[in-house]
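For reference, the chains in residue letters:
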Number of protein chains: 4
Amino acid sequence: MSYQSHYFKEVREAQKNAYAPYSNFKVGAYLKTKDGRCFYGANVENAAYPMGICAERSSLVSAISEGYQPGDFESITVTVDADKPSSPCGACRQVMMELCDKDMPVYMTNQNGDMIEATVDELLPLGFSGKDLN
Amino acid sequence: MSYQSHYFKEVREAQKNAYAPYSNFKVGAYLKTKDGRCFYGANVENAAYPMGICAERSSLVSAISEGYQPGDFESITVTVDADKPSSPCGACRQVMMELCDKDMPVYMTNQNGDMIEATVDELLPLGFSGKDLN
Amino acid sequence: MSYQSHYFKEVREAQKNAYAPYSNFKVGAYLKTKDGRCFYGANVENAAYPMGICAERSSLVSAISEGYQPGDFESITVTVDADKPSSPCGACRQVMMELCDKDMPVYMTNQNGDMIEATVDELLPLGFSGKDLN
Amino acid sequence: MSYQSHYFKEVREAQKNAYAPYSNFKVGAYLKTKDGRCFYGANVENAAYPMGICAERSSLVSAISEGYQPGDFESITVTVDADKPSSPCGACRQVMMELCDKDMPVYMTNQNGDMIEATVDELLPLGFSGKDLN
């Protein structure tokens, strides 16, 4: 699969950086910008579980912190170790809705190279956004 | 509309309790349990914006704190003041996925009584859940 | 101890409502209002760990959702099962800073009735608040 | 002040990357590792306010995602535009407690170069940590 030959190796590298001592569920993310840069993301857990931050959001805030803007992203790839690829949690979908194009692809993978693809919009239908605030 | 005659008044009451000094965007939620009890929810904002909690989640944690269990809920109604009803944010969808039946209806309303209905599953397709953790 | 005779039994009841299938770390909170009402709080975990909500915050958003206002609270008692009482996480301290008087007492307990007491201000020194935003 | 000559310029650069369309309160963070690397952090807000992520946490998850480990950090500097330096919110303090040495310095600054210094431990006294879970 051409997908696998492009980002699979990279996202599996990102996953190695996960700090997940509480769940032992390591997640990696690989965010590609439209101008060709990439950002790793890994989940960063906390003894106070709600203070953890997921891999997808880690990659997105890394990119914004480096100067990227909403809309600058081409795709995000996520990986886990599980029988089938996991999807981003609702919070990560909400952050994607804010920062990414609605039709940006989200590639969900696992250690076997299985892959599910969906757009941001498909993952958060009727999504809440800044337009709703006014 | 029969919907309006049932929960519209109630959720508008819940909304009045919103503590939203930062966004001025007041949200109300009305959670109905299968055994007939109801819980109000209101958004509770914070000067540190990420520490706010949405109306939907407020109602759900209120119910759990009172002894209700995942699966005990019949419906949730949400209301805002806006031209069209707003949908729950991704975080609230994730909490609904954990605590509610997948086919539980979510009623989204506004001050005019406009209404959009969707199930938990429709709002979080390919939803991440405990099964993904193994 | 007089403390124990007042709220210990109550907060241990609240703790029973915890939904903590991921950590098995059940936390209970008992929030007392100045006009004599009380609200139970229990931690409500999520398969997506960061979407969990702690017991302390559960009790506070329950009270606000029922119409209480910032400043209406007299004390909060928290309990865990551990060798020594645990303190609230940083997020809960931040929410207390927003909603409670700075000198409101926070009682931290465990199953043995051990107790540590601190004020909101002591738990979040140099606390960030709405005043910092303007 | 020697402090200003070292990290002030850098953290003010990081602040420029803040995505804060809702609060207009831009925050920058500059995280220094013990082996000499640095990571920018900026606050990344969301229309769903609770889904925002603060500057301090942005810098920390960026570093972990790049392979750094808890304990690898030398200092963090934070900046805001305000009459006096703001302190990190409770959530950021909790994440620092998890990932940083307890005596790591946190430098809080503003546009005027005013500075307040505190350690992680001082900012989260009686801090909740992984030890509390067992």
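Residues numbered from 1 in each chain as written. Chains lettered and ligands numbered in written order. Predicted model: local features only at pLDDT ≥ 70, side-chain atom pairs only at ≥ 80, totals over all residues. Heavy atoms only, no water.

(A) Examining the interface of chain A and chain C more closely. With 13 residues of chain A in contact, the opposing surface of chain C contributes 13 residues. At the boundary of chain A and chain C, one finds 0 salt bridges. Our enumeration of links across chain A and chain C arrives at 0 residue pairs in polar contact (both at pLDDT 80 or more). Tallied by class, residues from the side of chain A that touches chain C come to 9 nonpolar, 2 polar and 2 charged. (Contact = heavy atoms within 4.5 Å. Salt bridge = Lys/Arg side-chain N within 4 Å of Asp/Glu carboxyl O. Polar contact = N/O pair within 3.5 Å; in protein donor to acceptor, adjacent residues only side chain to side chain. Nonpolar A, V, L, I, M, F, W, Y, C, P; charged D, E, K, R; others polar.)

(B) Expanded view of unusual backbone geometry. Within the chain, asparagine 24 of chain C stands out as a residue other than glycine whose phi angle is a positive 55 degrees. Along the chain, the position of asparagine 24 of chain C falls in the loop between helix H1 (2–15) and strand E1 (28–33). Even without glycine at this site, leucine 126 of chain D takes up a positive phi of about 55 degrees. Tracing the chain through its elements places leucine 126 of chain D in the segment after helix H4 (120–123). (Helix = DSSP H or I, 4+ residues; strand = E, 2+ residues; numbered from the N terminus.)

(C) Spotlight on the interface of chain D and chain A. At the junction of the two partners, chain D supplies 32 residues and chain A supplies 32 residues. Summed over the shared surface of chain D and chain A, the number is 0 salt bridges. Along the contact surface separating chain D from chain A lie 13 residue pairs in polar contact (both at pLDDT 80 or more). If you list the elements that add at least two residues to the side of chain D that touches chain A, you get strand E2 (38–42), helix H2 (55–65) and helix H3 (90–99) of chain D. The element best represented in the side of chain D that touches chain A is H2 of chain D, accounting for 6 residues. The residue makeup of the side of chain D that touches chain A, split by class, is 18 nonpolar, 10 polar and 4 charged.

(D) Examining the UniProt feature "binding site: substrate" (unreviewed entry) in chain A more closely. Here, the residues flagged by UniProt with the feature "binding site: substrate" (unreviewed entry) are Asn43, Val44, Glu45, Asn46, Ala47, Ala48 and Tyr49 of chain A. What makes asparagine 46 of chain A buried here is its relative accessible area of 1%. Ignoring sequence-local partners within four residues, the contact set of asparagine 46 of chain A consists of Tyr22, Met51 and Gly52 of chain A together with Gln94, Val95 and Glu98 of chain D. Tracing the chain through its elements places alanine 48 of chain A in the loop between strand E2 (38–42) and helix H2 (55–65). Not counting the four nearest positions on each side in its chain, alanine 48 of chain A is found in contact with Cys89 of chain C together with Gln94 and Phe128 of chain D. (UniProt positions renumbered as here; feature names shortened; annotations may be inferred. Buried < 20%, exposed > 50% of the residue type's maximum accessible area, 1.4 Å probe, protein only.)

(E) Structural detail: the relation of the copies chain D and chain A. Take chain D, turn it by 180 degrees, move it 0.0 Å along the axis, and it overlays chain A with an RMSD of 0.0 Å. With respect to symmetry, the two chain copies, as superposed, fit the operation of a two-fold axis. The position closest to the rotation axis in chain D is occupied by the C-alpha of serine 62 of chain D, lying 2.6 Å away. The fraction of interface residues of chain D whose copies in chain A are also interface residues reaches 100%, indicating that both copies meet through the same surface. (Least-squares fit on C-alpha atoms with pLDDT ≥ 70 in both.)

(F) Inspection of the pattern of salt bridges at higher detail. Summed over all chains, the structure comprises 16 salt bridges over all chains. Note that lysine 34 of chain C and aspartate 101 of chain C form a salt bridge whose closest N and O atoms lie 2.7 Å from each other. Of the two residues, lysine 34 of chain C sits in the loop between E1 and strand E2 (38–42) while aspartate 101 of chain C sits in the loop between helix H3 (90–99) and strand E4 (105–110), which places them 67 residues apart along the sequence. Exposure remark for aspartate 101 of chain C: the relative accessible area of 28% places this residue in the partly exposed category. The partner of aspartate 132 of chain D in a salt bridge is lysine 84 of chain C, with the nearest N and O atoms 4.0 Å apart. Here lysine 84 of chain C lies in the loop between strand E3 (73–80) and H3 and aspartate 132 of chain D lies in the segment after H4, a pairing that spans two chains.

(G) Region of interest: the relation of the copies chain A and chain C. By a simple turn and slide, chain A fits onto chain C: the slide is 0.0 Å along the axis, the RMSD is 0.0 Å, and the turn is 180 degrees. A symmetric contact is evident, with 100% of the interface residues of chain A recurring at the interface of chain C.

(H) Highlighting the packing of H2 of chain A against helix H3 (residues 90–99) of chain A. Residues and elements named next belong to chain A. Packing of H2 against H3 leaves a shortest axis separation of 9 Å and a crossing angle of 30 degrees. The pairing of H2 with H3 is recorded here as roughly parallel in orientation. Note on packing geometry: the crossing formed by H2 with H3 is left-handed. The residues of H3 that touch H2, namely those facing Glu56, Arg57, Leu60 and Ile64, are Ala91, Cys92, Val95, Met96 and Leu99. Here the residues of the contact of H2 with H3 are counted per class, giving 7 nonpolar, no polar and 2 charged. (Axes fitted to C-alpha atoms, helices over the stretch in contact; angles between N-to-C directions. Parallel < 35°, antiparallel > 145°, perpendicular 65-115°, else oblique. Left-handed = near helix turned anticlockwise from the far one by under 90°.)

(I) Region of the structure containing the state of the cysteines. Residue and element names in this part refer to chain B. Scanning all chains against the criterion turns up 0 disulfides over all chains. Distance from the sulfur of cysteine 92, which forms no disulfide, to the nearest cysteine sulfur (cysteine 54) is 3.8 Å. Overall, the relative accessible area of 0% leaves cysteine 92 in the buried class. (Disulfide = S-S within 2.5 Å.)

(J) Quick look at the UniProt feature "active site" (unreviewed entry) in chain A. Residues and elements named next belong to chain A. Per the UniProt record, "active site" (unreviewed entry) is annotated on Glu56. You can see glutamate 56 is positioned in helix H2. Apart from residues lying up to four places away in sequence, glutamate 56 is in contact with Val27, Ala29, Ile76, Val78, Pro88, Cys92 and Met96.

(K) Region of interest: the sheet that holds strand E5 (residues 115–119) of chain A. Residue and element names in this part refer to chain A. Reading across from one edge, E2-E1-E3-E4-E5 is the order of the 5 strands in this open sheet, with mixed pairing throughout. Only two strands of the sheet have a single partner each, and these edge strands are E2 and E5. In this sheet, adjacent strand axes meet at a mean angle of 20 degrees when their direction is disregarded. One ladder, built from 5 bridges, connects strand E4 (residues 105–110) with E5; its direction is antiparallel. Paired with tyrosine 107 across the bridge in E5 is glutamate 117. Here H2 sits on the sheet and contacts strand E1 (28–33), E2 and strand E3 (73–80); the angle it forms with E2, its principal contact strand, is near 140 degrees. (Pairing = 2+ DSSP bridges.)

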